[in-house]
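If you want the building blocks of each chain, they are given just below.
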Amino acid sequence: MMRKEAASVIGIESQSLVVVAAATGKIQNEVQFTKCECCGLTKECTEAYIARVRERNQGWWICGLCTEAVKDKMVRSSSSRRISREEALNRHMTFFKKFRAKSLPKNPTDETKILDN
């Protein structure tokens, strides 16, 4: 069963889609694949949703998991020096760029065996 707050948010989201479509003069419910700029997750989204996410994230499309990680970085920053959303996003993206694998191992089972020991 949905909570009242969640139901009202869903109502607001659907209303904003109608407003965006009316303002731009085109229906924005075509579904397309988009890739997270941080972790590389590919997801099917409407054009309107992609535009809203990019608007919130300095033009970057990031998935829900990465969005939560950015929020977590903001909350966990010290109370004496709160970091902005932009700085938290930059830190998260830097983390993924630094540790993301450049290529997959030729034989993943060999890598697994090494890690199991």
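None of these values were measured; they are calculated from a predicted model.

K.L.:
Explain the packing of aromatic side chains to me, please; I cannot follow it from the model alone.
P.N.:
The relation between two aromatic rings is expressed through the spacing of the ring centres and the mutual angle of the planes. Within this structure, the stated rule accounts for one aromatic pair. A ring pair is formed by Phe-95 and Phe-96, whose centres lie 5.8 Å apart and whose planes are at 85°; its orientation type is edge-to-face. By relative accessible area, Phe-96 is classed as partly exposed at 23%.

K.L.:
Is there a simple way to explain unusual backbone geometry in this structure?
P.N.:
For residues other than glycine, phi is negative in most cases, and the peptide bonds are mostly trans. One non-glycine residue, Gln-58, adopts positive backbone phi at about 50°. Within the fold, Gln-58 resides in the loop between α2 (47-56) and α3 (64-76).

K.L.:
What is the right way to look at α3 in this model?
P.N.:
Each turn of an α-helix holds 3.6 residues, which means side chains three or four residues apart point in the same direction. Across its 13 residues, α3 extends 18 Å between first and last C-alpha, which sits within 8% of the 18 Å expected from 1.5 Å per residue. For α3, the complete set of buried residues consists of Cys-66, Thr-67 and Val-70. Down the axis of α3, the buried side of the element spans an arc of 105°, and every buried residue falls inside it. Every exposed residue of α3 that faces more than 90 degrees away from the buried side is listed here: Leu-65, Val-75 and Arg-76.

Conventions we followed
Residues numbered from 1 in each chain as written. Predicted model: local features only at pLDDT ≥ 70, side-chain atom pairs only at ≥ 80, totals over all residues. Heavy atoms only, no water. Phe/Tyr/Trp six-rings, centres within 6.5 Å; stacked < 30°, edge-to-face > 60°. Buried < 20%, exposed > 50% of the residue type's maximum accessible area, 1.4 Å probe, protein only. Helix = DSSP H or I, 4+ residues; strand = E, 2+ residues; numbered from the N terminus. Expected span 1.5 Å × (residues − 1). Arc of directions from axis to C-beta.

This is a description of form; function is not addressed.
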